[in-house]
Amino acid sequence: MKYQVSINKALENFIEIEAEINSNEAEIVLQLPAWRPGRYELANFAKNIRCFKATAQNGTELKVRKQTKDSWKIFNIDNNKNITIYYEYYANQLDAGACFLNNEQLYVNPVHCFMYQVGKINEPFEVKLNIPSEYKIACQLTHIDNILKAENFDQLADSPFIASANLLHHEFMVENTNIHFWFQGKHELDLKQLELDTTAYTKAQKAIFKELPCADYHFLYQILPTPFRHGVEHADSTVIAMGMNNDMLRDDFYNDLLAISSHELFHLWNIKRIRPESMWPYDFTKENYSHLGYVYEGITTYYGDLMLLRSGVWNWEQYTDSWNGDFARHISNEGNKNYSVAESSFDTWLDGYVPGVPARKTSIYIEGMLAAMLADLIIIKNSKGQYSLDNVMHDLYHLFYKQKKGYTENDYKFLLEKYSKESFEHYFEAVIWGKNNLIAELQNILPYFDCSINNNKLTKNINSENNSLFNFLVNR
Ligand SMILES: [Zn+2]
């Protein structure tokens, strides 16, 4: 399908979208995604669409009827070969996962506003941007003359772009990968320092998987004038929307930017490539249920900070500050007592991204992070430091993604047991599917690493000579 995007209605925040369909079938069904990967809940993007119409090559308007809330059937009874569709998409949500158009930028997450013809999801897609000549484009897709090219709908849906005259671009190499920073919005960041820190944590992440599987990786930073924090991962890029208030210390803002950036980069492997079997491939029309949120968000949250520590970007105090903040969020959530992290993952489709009913559920991010740490420590303890969760992640990447398949809970459990040489039956029963056992499990194992949780803070034991937790987390 060939799309064209125009910005004549920028002041009204409506993107004009037109597409050519070369198909002479009597009935053509177009599907808009019902959700976006990275946020496991239904999104109803179709509510932002107005003025949908389909026209034959002779200018005749064709009959259109919706089939579901987000699919349209075009009646092409004369079997016209070329049909044009037109609609307008309301783009007025400036965060890391949506769409925004004004007179300064065109920012699109294609999963919101582009459709595929049912039965032709694997065909190539092109998107031509009708934008002013001074606009630059930030996007993981290759583009020449303002035309973005995607191999199939999955790739298009996963490729956000910003087009703007004010985009700031900074590029550097980490081993064989070109890293791009794109900034939309004013900031006072030291780009040389950000480059050094990004290089350090990127190398630490690559060392786990032994390869960085893209030639180019793009950080699309939307810097907002008001307090904000949101990041979304993609195959070869991420969008990070950040804003600070006047009271925020510049160092805190910078460290938070590093934390979210390291988290999103880790997703390049963990979820964009290492993916649950039930999401392989994504089904854009309905819920893609998974109990494995403690792997794709929990382990990613754990490694996001850990990579900053291991690469020396953060010291022990900075790492434990962040850990203590997460732990405080964990203990203040009464939902831990009522619903397991696996069940909470399944239910993100109901209320995973809002507080929800009091004390109903736990967080796949925070409880998942603590569960990941526990699994890591069990493996390190049992193997006397020979193995760790790094080996499990390495194998998930090489034995599943590289073999073109998704993983299951049993696959993950098998790898944990392979490296710890111990049954993880109790871990899955008590921590992953059980309720409220996590803190006791952590308190049991931390003394082995000269640490404990005191007054809800991760601390080195005073009577220990060294800090073997730090050593095991950093030196592998
Ligand atoms: Zn994440």
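Conventions used here
Going along each chain's sequence as written, the residues are numbered from 1 onward. Only residues with pLDDT of at least 70 get local features here, since the model is predicted, and only at 80 or more are side-chain atom pairs given and counted; chain-wide, interface and lining totals rely on the full set of residues. To get the side-chain values, all heavy atoms of the structure are used, and hydrogens and water are removed first. Working definition: helices are DSSP H or I runs of at least four residues, strands are E runs of at least two. Numbering for both runs from the N terminus. Think of it in three bands: with a 1.4 Å probe and only protein chains considered, a residue is buried below 20% of the maximum accessible area for its type, exposed above 50%, and partly exposed in between. In this charge count, Lys and Arg are treated as positive and Asp and Glu as negative; neither His nor the chain ends contribute. Put simply, a salt bridge is a Lys or Arg side-chain nitrogen that is within 4 Å of an Asp or Glu carboxyl oxygen. Note on contacts: a residue pair qualifies if any of its non-hydrogen atoms lie within 4.5 Å across the two residues. Coordinating N, O and S atoms are those within 2.8 Å of the metal (3.2 Å for Na, K and Ca), and as water is not part of the atoms, a site may appear to have fewer donors than expected. By convention a nonpolar core is built from buried Ala, Val, Leu, Ile, Met, Phe, Trp, Tyr and Cys residues, the set being connected through side-chain atoms within 4.5 Å. Here a strand pair is declared whenever DSSP counts at least two bridges between the two strands. All axes here are fitted lines through C-alpha atoms, helices being fitted over the stretch that makes contact, and every angle between N-to-C directions spans 0 to 180 degrees. Put simply, angles under 35 degrees are roughly parallel, angles over 145 are roughly antiparallel, angles from 65 to 115 are roughly perpendicular, and the rest are oblique. Any residue that is not Ala, Val, Leu, Ile, Met, Phe, Trp, Tyr, Cys, Pro, Asp, Glu, Lys or Arg is counted as polar, Gly included; the first ten are nonpolar and the last four charged. The directions from the helix axis to the C-beta atoms are what the arc is built from. Where each domain starts and ends follows an automatic or database-derived domain assignment. Note on terms: buried area is the combined drop in 1.4 Å-probe accessible area of two parts once they are placed together, counting the loss on both.

A.B. asks: Please clarify how the side chain of E264 should be interpreted in this entry.
C.D. replies: Within the secondary structure, E264 is located in helix α4 (residues 250-267). One buried charged side chain, E264, makes no salt bridge at all; its nearest oppositely charged neighbour is R229, positioned 6.9 Å away. Filtering out sequence-adjacent residues up to four positions away, E264 remains in contact with Y217, G231, V232, E233, T238 and I240.

A.B. asks: Help me understand the coordination of the zinc ion in this model?
C.D. replies: Note on metal geometry: ideal angles are 109.5 degrees for four donors arranged tetrahedrally and 90 or 180 degrees for six donors arranged octahedrally. Around the zinc ion, the protein supplies H263 (NE2), H267 (NE2) and E297 (OE) as donor atoms, at distances of 2.1 Å. Spacing between the donor residues of the zinc ion along their common chain follows H-x3-H-x29-E. Residue H263 and its partner H267 are located together in helix α4, separated by 4 residues, close to a single helical turn. Judged by its relative accessible area of 0%, H267 falls in the buried class.

A.B. asks: Sorry if this is basic, but what is going on with the nonpolar core here?
C.D. replies: In a soluble, globular protein the nonpolar side chains are often hidden away together inside. Ranked by size, the top nonpolar core spans 150 residues in total, and within it L106, F114, L389, Y412 and Y427 carry the most contacts. Ranked by the residues each element gives to this core, the list is headed by helix α9 (residues 366-382), at 11 residues. The residues contacting F114, other than those within four sequence positions of it, are Y3, V5, I17, Q31, L32, P33, Y87, V108, V127, F153 and L156.

A.B. asks: I'm lost on the environment of F428 in this one. Help?
C.D. replies: In this fold, F428 is placed in helix α12 (residues 425-432). With residues near it in sequence (within four places) discarded, F428 still touches Y294, E409, Y412, K413, L416, W433 and G434.

A.B. asks: Mind showing me how you'd approach the pattern of salt bridges here?
C.D. replies: Once their charged atoms are close, side chains differing in charge can pair, the charge on each being opposite to the other. For the structure shown, the criterion picks out 26 salt bridges. A cluster of three or more residues bridged by salt bridges with shared partners is formed by K9, E12, R50 and E88.

A.B. asks: Explain the pairing of strand β21 (residues 451-454) to me, please; I cannot follow it from the model alone.
C.D. replies: Within a regular beta strand, the side chains point alternately toward one face of the sheet and then the other, so they alternate between its two faces. In this sheet, strand β22 (residues 457-460) lies alongside β21 in antiparallel orientation, the contact comprising 4 bridges. Each residue of the ladder has a partner; that of I453, found in β22, is L458. Where β21 folds back onto β22 in an antiparallel hairpin, the turn is made up of 2 residues, including N455, whose phi is positive at roughly 50 degrees.

A.B. asks: Please clarify how the sheet that holds strand β2 (residues 14-22) should be interpreted in this entry.
C.D. replies: In sheet architecture, strand pairing relies on hydrogen bonds along the backbone and comes in two forms, parallel and antiparallel. Ordered by their spatial adjacency, 11 strands build an open sheet running β10-β3-β6-β5-β4-β7-β2-β1-β11-β14-β13, and the pairing between neighbours is mixed. Of all strands in the sheet, those bounded by a partner on one side alone are β10 (116-117) and β13 (142-144). In the sheet, strand β1 (residues 2-6) pairs with β2 via 5 bridges, with the strands oriented antiparallel. Paired with Q4 across the two strands is E18, which belongs to β2.

A.B. asks: It is not clear to me how the packing of helix α5 (residues 293-310) against α9 should be interpreted in this structure. Could you clarify?
C.D. replies: If you want to describe how two helices pack, look at the angle between their axes and the distance between the axes. Where α5 contacts α9, the axes come no closer than 7 Å and their chain directions differ by 75 degrees. As the angle between them shows, α5 and α9 are arranged roughly perpendicular. Touching Y294, G298, I299, T301, Y302 and L306 of α5 are G368, M369, A372, M373 and D376, all from α9. Residue composition of the contact of α5 with α9, by class: 7 nonpolar, 3 polar and 1 charged.

A.B. asks: When you look at the sheet that holds strand β20 (residues 237-243) in this model, what are you seeing that I'm missing?
C.D. replies: If you walk across this open sheet you meet the 5 strands as β16-β17-β18-β20-β19, and the pairing is mixed. Pairing within the sheet leaves two strands with one partner each, and these edge strands are β16 (168-174) and β19 (228-233). Strand after strand, the sheet turns through a mean of 15 degrees between neighbouring axes, direction not considered. The sheet contact formed by strand β18 (residues 216-224) and β20 spans 7 bridges and is parallel. Bridge assignment links L220 to a residue of β20, and that residue is V239. Seen against the sheet, helix α3 (residues 191-209) touches β16, β17 (177-184) and β18 and runs at an angle of roughly 40 degrees to β16.

A.B. asks: Could you clarify how one ought to interpret helix α13 (residues 438-445) in this entry?
C.D. replies: Owing to its 3.6 residues per turn, the α-helix brings residues three or four apart onto one side. Of all the residues in α13, the buried ones are L438, E441, L442 and I445. The arc that holds every buried residue of α13, seen down its axis, measures 100 degrees, which confines them to one face.

A.B. asks: Would you take a moment to explain the domain arrangement of the chain for this structure?
C.D. replies: By convention, interface size is frequently given as the accessible area that disappears when the constituent parts associate. For the chain, the assigned domains read domain 1 (2-162), domain 2 (167-202 + 211-249) and domain 3 (269-474). Its C-alpha centre places domain 2 at a distance of 25 Å from the equivalent point of domain 3. With both sides pooled, the region where domain 2 packs onto domain 3 buries about 940 Å², and carbon together with sulfur makes up 58% of that total. In this assembly, domain 2 and domain 3 are joined by 2 salt bridges.

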